[in-house]
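An overview of the molecular structure
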Amino acid sequence: MANVLEVKDLNVTFSLHDGDVSAVRDLSFVLGQGETLAVVGESGSGKSQAFLAIMGLLARNGRATGKAVLGGTDLLALSPTELDRHRGLDIAMIFQDPMTSLNPSLKIGRQLAEVLVRHRGQSDSAAWRHATEMLDRVGIPEAARRADSYPHELSGGMRQRVMIAMALLCEPKVLIADEPTTALDVTVQAQMLELFKTLTDDFGAALVLITHDLGVVAGLADRMMVMYAGRAVESGSVDDLFYAPNHPYTFGLLHSTPHVEDSGQRLRPILGLPPSLEHLPTGCAFHPRCAFVMPECRTARPELTHRGGGRHAACFYEGELKEKEAAE
Amino acid sequence: MAGITGKDRTLTAYADTLERLDAPKGRSLTQDAMRRLIANRAALISIFLVTAIVLIAFVGSYFVPWDGTKVDWGAIRKPPNFESGHYLGTDQNGRDLLARLLQGTQMSLIVAGVATVVSVVVGVVYGAISGYFGGRVDALMMRFVDIMYALPYILFVIILVVIFGRSPVLLFVGIGLLEWLTMARIVRGQTLSFKEKEFVEAARAGGAKPFTIIMRHIVPNLTGPVVIYATLTVPEIIIVESFLSYLGLGVQEPLTSLGTLISNGAPVAEVLPWLLVAPAIVLVTLLLCLSYIGDGLRDALDPKDR
Amino acid sequence: MFNYATRRVLSALPIAIIAVTVCFFILRLAPGGPFDGERALPPLVLQNLRAHYNLDQPIWIQYFNYVWRMIQGDFGPSMVMEGFEVSELLAIGLPFTLMLGMTAFIVATIIGVIAGIIAAVNQNKWPDYVLVLAVMLGVIVPNFLMGALLQLLFGVYLRWLPAGGWSGGNWLQLVLPVTVLAWPHAARISRLMRGSMIETLGSNFIRTAMSKGIGERLMLTRHALKPALIPVVSYLGPGLSYLLTGSLVVESIFGLPGIGKYFIQAALNRDYGLVLGTTVFYVMLILVLNLLVDLVYAWLDPRVRFR
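Residues numbered from 1 in each chain as written. Chains lettered and ligands numbered in written order. Predicted model: local features only at pLDDT ≥ 70, side-chain atom pairs only at ≥ 80, totals over all residues. Heavy atoms only, no water.

A word on the overall build of chain C
Within chain C one finds twelve helices and zero strands. Across chain C, helices and strands are ordered from the amino to the carboxyl terminus as α-α-α-α-α-α-α-α-α-α-α-α. The buried share of chain C, reckoned over its 307 residues, is 51%. Approximately 13,800 Å² of chain C is accessible, and the part contributed by carbon and sulfur atoms is 68%. (Helix = DSSP H or I, 4+ residues; strand = E, 2+ residues; numbered from the N terminus. Buried < 20%, exposed > 50% of the residue type's maximum accessible area, 1.4 Å probe, protein only. Areas by Shrake-Rupley, 256 points an atom, 1.4 Å probe, with all protein chains shown as cover.)

Structure, rendered in structure tokens:
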């Protein structure tokens, strides 16, 4: 399987009044053609900022270093104008909040059509026609009429479909979806995930699914990467990580998520709060909350190491993680 | 003329915040804002400067060698001169400019004070009545406010000038009568939320009359908005006053105000520049400081802004 | 859009009616009048004068007569400038006032919007600081003082521009009045524009637009400009009122022949007929212009139309 996106040593820092804060540290990963990678972590883990950095969409005070190679081009080395030739064409992004992510003062058709005008050089009318077809394809009823309306006339689910249609217009190699279902009703969420699945299959796009919802991961992703305090702490196939996590944080996440099968079981939340990025704990950033903490965790930081079978984890503890050990 | 301080927006934002908080927290919001205002260096310097101008305007005239109405026949149209005691020079009639300036500043400040008080009183009473009685009374009263908002108010000021003529006090009571709209809106909103509170219910159950409830239980809770409103209104009235006086519709000789002085100084500024420059500096300083205080207040009330 | 326009026109009508009524009664019921001069007029003369101006009829008849004639475009006679109808004076002054006011309005709005965008894009860099200073001057210095100072500097000392007057075609004579009139307006607009542009640039849909690779220029012109203009447009109505009333002063300072000049003269002479006529006319003008601004607003923000 060829890799479409290779990210190496990605660092994202924000300069604030009282010094710099690192949101993402030394992040490296690859994304294979057509695969679905779930990026999982709590808010503040840097999962969104990493991908905003790749898209060149950081806030004014943000800086990104490292490499993000897409089809032979390092996106991070490009000037904004050069980057604009790739954004929307080879790589596209869908955002969390469909209510505010569409321009309220432009008709939907126009917002879609401009992508085709920009990247495919289509005429306005041809672009509009294609936009309507795409709206139809993502399951928007009466697509022609919808194209001619403003975002506020659509429901949240419909708007997210519009966002998806917009991102897929140029059949990008990589589609990044940042919490695409979080802001939606539960019933709509399921439909949306189904839509993602069929569409990414149809278009052959690799999907990066940024989420904190493990249910979404289980239903959709091939591989997953768990992030904590700006770093990847574990990655591997979804099956492996779900059934035999190597990192206590992954383990904690899994056991703090309700499952239908074991409804009688008590949920075990991860104790403590996510660390503040300005004052990270020494050693392993997770150690204050870790149920398997060992003395060296407090002083040294474990590197992300290969654990066989395409899996990686950053933890000194190499034994099997068991629940009774986690419970005090 | 209105709007140098963005009074409406600042106050409305403040009142909205107040409404979202409980009454005891509301007080701490005001205290918090005041603390932040004091921490704002530009605002603090402005407060000192304004205080200084007010003190000098009212006390200074006792220490000036010349009287503003007295004519010094030996020194007509003279530039600033320290030996003769005309520190800022004299005008075409041989009157001491410094003395005139103090007198004029005094007048401008008095006018601003009177008009502000009038507008606060009218605004509070109107807003409290509208909010307290609610229903159709409220709808009608607020509709009237909306309509007044839509009208160019400086024209009404000029009409009042035509009617009230040359009495400065009446004139500026008149100006005050046109500046109360925002205050009324804020007070109405506050009253609407206060009248559901327990302490008002208790007073009503105790048989207090509406007027007593408004005056004793609602108005005292409005100190914060009133102080802010007054701070923001003063510069606006100073501008209106100087504008009218400049047009010859405001304060008349032998009384004087900053606007009158500028109006007298402007035509002769080519040969007697000090007659324009001195009052202009005082006016601009005063307005600048008051607007810094206004800005400081706005920032203090809305910490997320910037 | 058409329904919205109709509704707005209908809601402006009561305002117009109330404005006319209030102005009329305040002026007619106020003590004193144009004929209270230094010397008392002989009773017979006074009676004739009052009859001439229909002041001897019951006030409500005067009111309905006035409104009826006003609808036909007749704002009554001037009571001091003999033989002049208010509408004649308006016809002389209006074209000039409108020309001056609209020139200043357009110039100021364009400059303000552009300056605001530049300041927002260069947030906290030197163009932003230059703007802060210009805004400060424009907002703090009252227009009559600004007028006097600019006259002195450019008209008297430097002699670059004529200090005043209007000889019907020398556009240089308009530079200073337009500057004085436009400056505060441009200052407020640029401040609003800067704030709302910064807010818009930080919004999610701008991030979406950038993620599509349409480039910064299109992002600014097509995506950011319209939403960022919304608060600015909602200020244009009141801004226009300030500007038109500001032209009262500017016309007086620079000796320009607009309605403002007549209005001030009328107020000084206590010419009730002219004051009433001009005020009513001004109110109408401002209402009509506000209405236009509202329609622009509805076009910019489609959500407004559905409220």
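Picking up where we left off.
A word on the environment of Asp 97 of chain A
Positionally, Asp 97 of chain A belongs in the loop between strand E6 (91-94) and helix H3 (108-120). Looking at Asp 97 of chain A, the relative accessible area reads 24%, which means it is partly exposed. Separated by 210 residues in the primary sequence, Asp 97 of chain A and Arg 307 of chain A have C-alpha atoms spaced 37 Å apart. Setting aside residues no more than four positions away along its own chain, Asp 97 of chain A makes contact with Ala 183 of chain A together with Asn 204 of chain C. A distance of 3.0 Å separates the side chain of Asp 97 of chain A from the backbone nitrogen of Met 99 of chain A, its partner in a polar contact. (Contact = heavy atoms within 4.5 Å. Polar contact = N/O pair within 3.5 Å; in protein donor to acceptor, adjacent residues only side chain to side chain.)

A few points about the interface of chain C and chain B
Counting residues at the interface gives 45 residues for chain C, matched by 40 residues for chain B. Looking at the side of chain C facing chain B, the largest losses of area belong to Ile 140, Phe 144 and Leu 145 of chain C, adding up to 17% of the total buried there. Across the chain C-chain B interface, the total number found is zero salt bridges. Contributing elements (two or more residues each) for the side of chain C that touches chain B: helix H1 (2-29), helix H5 (126-140), helix H6 (143-157), helix H7 (172-201), helix H9 (216-254), helix H10 (259-269) and helix H11 (272-300) of chain C. In terms of residue class, the side of chain C that touches chain B is made up of 35 nonpolar, six polar and four charged. (Buried area = accessible area lost by both parts, 1.4 Å probe. Salt bridge = Lys/Arg side-chain N within 4 Å of Asp/Glu carboxyl O. Nonpolar A, V, L, I, M, F, W, Y, C, P; charged D, E, K, R; others polar.)

Focus: the state of the cysteines
According to the stated counting rule, one finds zero disulfides over all chains in the structure shown. Cys 297 of chain A takes part in no disulfide bond, and the closest cysteine sulfur to it belongs to Cys 284 of chain A, at a distance of 5.9 Å. (Disulfide = S-S within 2.5 Å.)

Focus: the sheet that holds strand E2 (residues 19-32) of chain A
Residue and element names in this part refer to chain A. Taken in spatial order, the four strands of this open sheet run E2-E1-E4-E5, and their pairing is antiparallel. Either end of the sheet is taken by a strand with one partner, and the two such strands are E2 and strand E5 (73-74). Sheet topology places strand E1 (residues 3-16) next to E2; ten bridges connect them, and they run antiparallel. Residue Asn 3 lies in a different strand from E2, and its bridge partner there is Gly 32. (Pairing = 2+ DSSP bridges.)

Section: unusual backbone geometry
All names here are of chain A. Positive phi, close to 45°, is recorded for Asp 26, a residue that is not glycine. For Asp 26, a relative accessible area of 41% translates into the label partly exposed. At Glu 171, a position not held by glycine, the phi torsion is positive, near 50°. Within the element layout of this structure, Glu 171 appears in the loop between helix H6 (156-168) and strand E7 (174-178). Here Glu 171 falls in the partly exposed class, since its relative accessible area comes to 49%.

A word on the packing of H1 of chain C against H11 of chain C
Residues and elements named next belong to chain C. Packing of H1 against H11 brings their axes to within 10 Å, and their N-to-C directions diverge by 160°. In terms of orientation, H1 lies roughly antiparallel with respect to H11. For the pair H1 and H11, the sense of crossing is right-handed. (Axes fitted to C-alpha atoms, helices over the stretch in contact; angles between N-to-C directions. Parallel < 35°, antiparallel > 145°, perpendicular 65-115°, else oblique. Left-handed = near helix turned anticlockwise from the far one by under 90°.)

Details of the interface of chain C and chain A
At the junction of the two partners, chain C supplies 23 residues and chain A supplies 27 residues. A combined buried area of about 2,200 Å² lies between chain C and chain A, and 54% of that area is made up of carbon and sulfur atoms. The largest contributions to the chain C side of the interface with chain A come from Arg 207, Lys 212 and Arg 222 of chain C, which together make up 27% of the buried area. Across the pair Lys 212 of chain C and Glu 114 of chain A runs a salt bridge whose closest N-O atoms are separated by 2.8 Å. At the surface where chain C touches chain A, the tally comes to 14 residue pairs in polar contact (both at pLDDT 80 or more).

Quick look at empty space enclosed by the protein
One simple way to see leftover space: roll a probe sized like a water molecule over the atoms. Scanning the entire structure with this criterion turns up four cavities of 30 Å³ or more. Of the voids in this model, the second largest cavity is the one considered here, and its volume is about 70 Å³. Forming the boundary of the second largest cavity are Gly 88, Ala 92, Met 93, Val 115, Met 163, Met 166 and Ala 167 of chain A together with Thr 208, Ser 211 and Lys 212 of chain C. Elements with a minimum of two residues in the lining of the second largest cavity: E6 and H6 of chain A together with helix H8 (204-211) of chain C. Take the lining of the second largest cavity: its biggest share by element is three residues, from H6 of chain A. Residue composition of the lining of the second largest cavity, by class: six nonpolar, three polar and one charged. (1 Å grid on protein atoms, 1.4 Å probe; cavity = no way out; pocket = protein on both sides within 12 Å on 5 of 7 lines; lining within 4 Å. Points joined across faces, edges and corners; volume = space filled by probe spheres on them.)

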